Each structure stands twice: as structure tokens, then as C-alpha cells.
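If you want the building blocks of each chain, they are given just below.
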Amino acid sequence: MITFTEKEKDNFMREALREAKKAADNDEVPIGAVIVKNGEIIARSFNAREWHQKATHHAEICAIDLANEVVGNWRLLDCALFVTIEPCVMCSGAISLARLPQVYFGATNPKFGGAVSLYQILEDERLNHRLQVESGILEKECAEMMQNFFKNRRKKAKV
């Protein structure tokens, strides 16, 4: 298991927030993710469903794909994922299948959350791979980015 200081967790989550900002700038739901190995970011991504017109292009899955290329393996056994919003059910499944041992996220996702809110896929003892999950890292900043995005989207829709 990789051990991170609070400062390191905050720094990696700030990088994920930078990715989320890129998503928002492209009118995508602002979720960003980074994957860390040996204290270095090896992959980063943001939601790109609209951009690529692919339902599966969530930040987590795009980052996993990039990390798989970097390490040359589908297993990400010695890596950690930092993501701004709780992974959905689809992403939680992909995270588990990629064998990531640790996931850190900012704010919960009460409508689609697959890690703690609706389901606990990442820690479910019935599955063959369980992860360490930690939430609440820069939670306020992560939640505000989502709230502001949807508030602005609703304003645009009224115009």
C-alpha cells in the first residue's frame, strides 16, 4: 500500500481539479483524475464524453487507459487514483478490474456513486479485489466546481 502525506493528497487532488477545469472549459461535466505511481503522476484525464461522443469516456476510465499504456500492463497494482468526484458504478468496476489498490476522491456523488453513496463496489467483500477508499480530499473545492457547472448550465438553458 502506498502511503501519502496529507500535503501529497492535496497536491494530487489539485492536479485532478486542474483536469476537471479542462473538462468544464470543454463544456463537459467537470471531473478530473490523475493516477500516481512512485510519487509521480503517470496519467491524467478529464471527462470527455461530449468531446469524443463516447459514453464511457469518464475521467477515471480515460486515465486508466493512459496509465495502462505507460506501465505496459492492464494491472495497476502499485498505483493510486485521485479523482475529484466519487466514481460511478461503471468507473468503480473499471477501477476494480484495473487492480488499483487505492482510490482517493473529493466529493461524493449521491445520484450515481459506486464507491460509498449508492454502492460500495470498491470495498465489497463479495468481489475478488477490494481497495482502500478515502474521500473528502479538497471536498469543498471539488463539490463547488460541480455545483457551479450545473448552476451555469441551468442559467444557459433558461436564456
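Residues numbered from 1 in each chain as written. Predicted model: local features only at pLDDT ≥ 70, side-chain atom pairs only at ≥ 80, totals over all residues. Heavy atoms only, no water.

**Q** Is there a simple way to think about the UniProt feature "binding site: Zn(2+)" (unreviewed entry) in the chain in this case?
**A** With numbering aligned to this structure, UniProt lists the feature "binding site: Zn(2+)" (unreviewed entry) at His-58, Cys-88 and Cys-91. A maximum C-alpha distance of 9.2 Å is found for the annotated residues, which run over 34 residues; spatially they form one tight group. Filtering the just-named annotated residues for those lining the largest pocket gives His-58, Cys-88 and Cys-91. Once residues lying within four places of it in the same chain are set aside, the contact partners of Cys-88 are His-58, Glu-60, Phe-112 and Gly-114. Note that Cys-91 resides in helix H4 (residues 89-97). For Cys-91, a relative accessible area of 0% puts it in the buried group. When neighbours within four sequence positions are excluded, Cys-91 is seen to be in contact with His-58, Glu-60 and Ile-61. (UniProt positions renumbered as here; feature names shortened; annotations may be inferred. 1 Å grid on protein atoms, 1.4 Å probe; cavity = no way out; pocket = protein on both sides within 12 Å on 5 of 7 lines; lining within 4 Å. Contact = heavy atoms within 4.5 Å. Helix = DSSP H or I, 4+ residues; strand = E, 2+ residues; numbered from the N terminus. Buried < 20%, exposed > 50% of the residue type's maximum accessible area, 1.4 Å probe, protein only.)

**Q** How should a nonpolar patch on the surface be read in this particular structure?
**A** The grouping of Val-89, Leu-118 and Tyr-119 at the surface amounts to a nonpolar patch, some 270 Å² of accessible area in total. Residue position: Tyr-119 is located in the loop between strand S4 (102-107) and strand S5 (132-135). (Patch = residues over 30% accessible without salt bridge, like charges linked within 9 Å, V, L, I, M, F, W, Y side chains within 5 Å. Areas by Shrake-Rupley, 256 points an atom, 1.4 Å probe, with all protein chains shown as cover. Salt bridge = Lys/Arg side-chain N within 4 Å of Asp/Glu carboxyl O.)

**Q** Help me out: how do you make sense of helix H3 (residues 59-71) in this one?
**A** Side chains of residues three or four places apart in an α-helix project in the same direction, reflecting 3.6 residues per turn. Counted at 1.5 Å a residue, the expected span for H3 with its 13 residues is 18 Å, and the 18 Å between its end C-alpha atoms agrees. Looking at the packing, one finds that the buried side of H3 touches strand S1 (32-37), strand S2 (40-46), strand S3 (79-85) and H4. (Expected span 1.5 Å × (residues − 1).)

**Q** I tried to follow the side chain of Asn-68 on my own but got confused; where do I start?
**A** As for its position among the elements, Asn-68 is in helix H3. A relative accessible area of 17% places Asn-68 in the buried class. Setting aside residues up to four positions removed in sequence, Asn-68 forms contacts with Asn-73, Trp-74, Arg-75 and Leu-76.

**Q** Help me understand unusual backbone geometry, please; the structure alone is not making it clear to me.
**A** Excluding glycine, most residues fall at negative phi; most peptide bonds, likewise, are trans. If you check the backbone angles, Gln-53 has positive phi at about 55 degrees while not being a glycine. For Gln-53, the position within the fold is in the loop between helix H2 (49-52) and H3. Here Leu-138, not a glycine, exhibits a phi torsion of approximately 50 degrees, which is positive. Along the chain, Leu-138 falls in the loop between S5 and helix H5 (139-158).

**Q** Teacher, can you tell me more about the packing of H3 against H4 here?
**A** Angle between the axes and distance between the axes: these two values describe a pair of packed helices. The interhelical angle for the contact between H3 and H4, taken along N-to-C directions, is 20 degrees, at an axis separation of 9 Å. Classed by the angle they form, the pair H3 and H4 counts as roughly parallel. As H3 runs across H4, the sense of the crossing is left-handed. In contact with Glu-60, Ile-61 and Ile-64 of H3, H4 contributes Met-90, Cys-91, Ala-94 and Ile-95. Across the contact of H3 with H4, the residue classes tally to 6 nonpolar, no polar and 1 charged. (Axes fitted to C-alpha atoms, helices over the stretch in contact; angles between N-to-C directions. Parallel < 35°, antiparallel > 145°, perpendicular 65-115°, else oblique. Left-handed = near helix turned anticlockwise from the far one by under 90°. Nonpolar A, V, L, I, M, F, W, Y, C, P; charged D, E, K, R; others polar.)

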